[in-house]
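Remarks on the overall topology
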Amino acid sequence: SGTMDVTQTGDNNIMRLDNHGDNNTMSAKQETSNAEMDLEIDYDNNTVDARQYCHAGAACEKDTMVLNIFQGNDNTVKMGQGYKITSSGSFSAVDSSEFGGHDMDLYITGDGNNVILSQRANNTATEHFMDVNIYSDDNTVHAMQQHNNDKSLTLTINNDDNDVSINQQKSGGSQTATITLSGNYGTDLDLQMGTNNTTSPGTYSLTQNCQTVGGCSVSVTQN
């Protein structure tokens, strides 16, 4: 059993929804053109809210969103392209000059994850990419890449009880973050780059294996 709520407005949109589990709730919305969305859930009691937005008609680029929750129960995932999603999970705003050009991919193996991912841009020169893989339980992730061009993020979590928030936003050139977290204890990570509209590239790569009893805490800010 499960629930699918699907809305498509615009031209040349493609949506594929596949539910193999019980008591899953999928909400998928595309208010755009030329977009593609793939959502697949293989286990039970998962809630997914995925939305893509672009108001520019035929000028909209191919927003692509792929979700695959495999061997995972009780996960809550919100994914938005052309939207800003706050840390509380609210789809708070759309980009009034959105031309798309994003890409997003998520794969979860494990239970009880709470993941929020959003990207948006306000010109035609956008290249936002996001690849998030979570293989364990009880993680909270909020990654937000906001407007204008070049952002890229690859995040892999292999541990329990992580709390990760990444914010690459505002105008200008590239910000790239490649982060891998693993270990047997909780990890807190807060990364912000380009928060003051900088045009300078910010590149960061972190690999962390935390074995301390109290967990690990990392805070990085590049303005």
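Structure's up top.
Re the pattern of salt bridges
Under the counting rule described, the total for this entry stands at four salt bridges. Glu 36 serves as the salt-bridge partner of Arg 16, at 2.7 Å between the closest nitrogen and oxygen. In this pair, Arg 16 is assigned in strand β2 (residues 14–19) and Glu 36 in strand β4 (residues 36–41), connecting sequence segments 20 residues apart. Looking at Arg 16, the relative accessible area reads 41%, which means it is partly exposed.

Considerations on the environment of Gly 214
Assignment of secondary structure puts Gly 214 in the loop between β18 (202–210) and β19 (216–222). What makes Gly 214 exposed here is its relative accessible area of 79%. Considering only alpha carbons, one finds Gly 214 and Thr 187, 27 residues apart in sequence, at a separation of 9.3 Å.

Description of the packing of aromatic side chains
One pass over the full model with this rule turns up four aromatic pairs. Centre to centre, the rings of Tyr 43 and Phe 70 are 6.5 Å apart; their planes meet at 80 degrees, and the pair counts as edge-to-face. Taken together, the residues span a long stretch of sequence, with Tyr 43 in the loop between β4 and β5 (47–53) and Phe 70 in the loop between β6 (64–69) and β7 (76–81) at a distance of 27 residues. The partly exposed category is assigned to Tyr 43, whose relative accessible area is 33%. Judged by its relative accessible area of 30%, Phe 70 is partly exposed. One aromatic cluster is present, built from ring pairs that chain together Tyr 53, Tyr 83 and Phe 91. Positioned over the ring face of Phe 91 is Arg 51, at 3.7 Å from the centre of the ring.

Observations concerning the state of the cysteines
Here, the word disulfide means a covalent bond between the sulfur atoms of two cysteines. For the coordinates displayed, the defined rule picks out one disulfide. The disulfide partner of Cys 54 is Cys 60, and the S-S distance across this bridge is 2.1 Å. Since a negative S-S torsion denotes a left-handed disulfide, the Cys 54-Cys 60 link at about -90 degrees is left-handed. Across the pair, exposure class does not vary: Cys 54 and Cys 60 are buried alike.

Considering the pairing of β5
Most of β5 sits out of view: five of its seven residues are buried. As paired elements, strand β3 (residues 24–31) and β5 share seven bridges and run parallel to each other. Opposite Ala 28, over in β5, you have Ala 50 as the bridge partner. As defined by bridge partners, β5 adjoins β7 across six bridges and the pair is classed as parallel. Bridging across to β7, Ala 50 finds its partner in Met 79.

Re the pairing of strand β13 (residues 140–145)
Taking burial as the measure, the six residues of β13 include five buried ones, the bulk of the element. In terms of strand pairing, β13 meets strand β15 (residues 163–168) through six bridges, oriented parallel. Bridging from a neighbouring strand, Met 144 pairs with Asn 167 of β15.

Parameters at a glance
- One numbering rule holds for all chains: residues counted from 1, following each sequence as written.
- Confidence filtering applies because this is a predicted model: local features only for residues at pLDDT of at least 70, side-chain atom pairs given and counted only at 80 or more, and all residues used for totals across whole chains, interfaces and linings.
- Where side-chain values are given, they derive from all heavy atoms of the structure, hydrogens and water being excluded.
- We define a salt bridge as a side-chain nitrogen of Lys or Arg found within 4 Å of a carboxyl oxygen belonging to Asp or Glu.
- Helix numbers and strand numbers start at the N terminus; a helix is a DSSP run of H or I with at least 4 residues, a strand a run of E with at least 2.
- For every residue, the accessible area obtained with a 1.4 Å probe (protein chains only) is divided by the maximum for its type, and the residue is called buried under 20%, exposed over 50%, and partly exposed between those limits.
- Here a pair means two rings of Phe, Tyr or Trp (six-membered ring of Trp) with centres within 6.5 Å. Their orientation is stacked below 30 degrees between planes, edge-to-face above 60, and tilted elsewhere.
- Any Lys NZ or Arg CZ found within 6 Å of a ring centre and within 35 degrees of that ring's normal is scored as a charge over the ring.
- Cysteine sulfur atoms are paired as a disulfide whenever they come within 2.5 Å of each other.
- For two strands to be treated as a pair, DSSP must find at least two bridges joining them.

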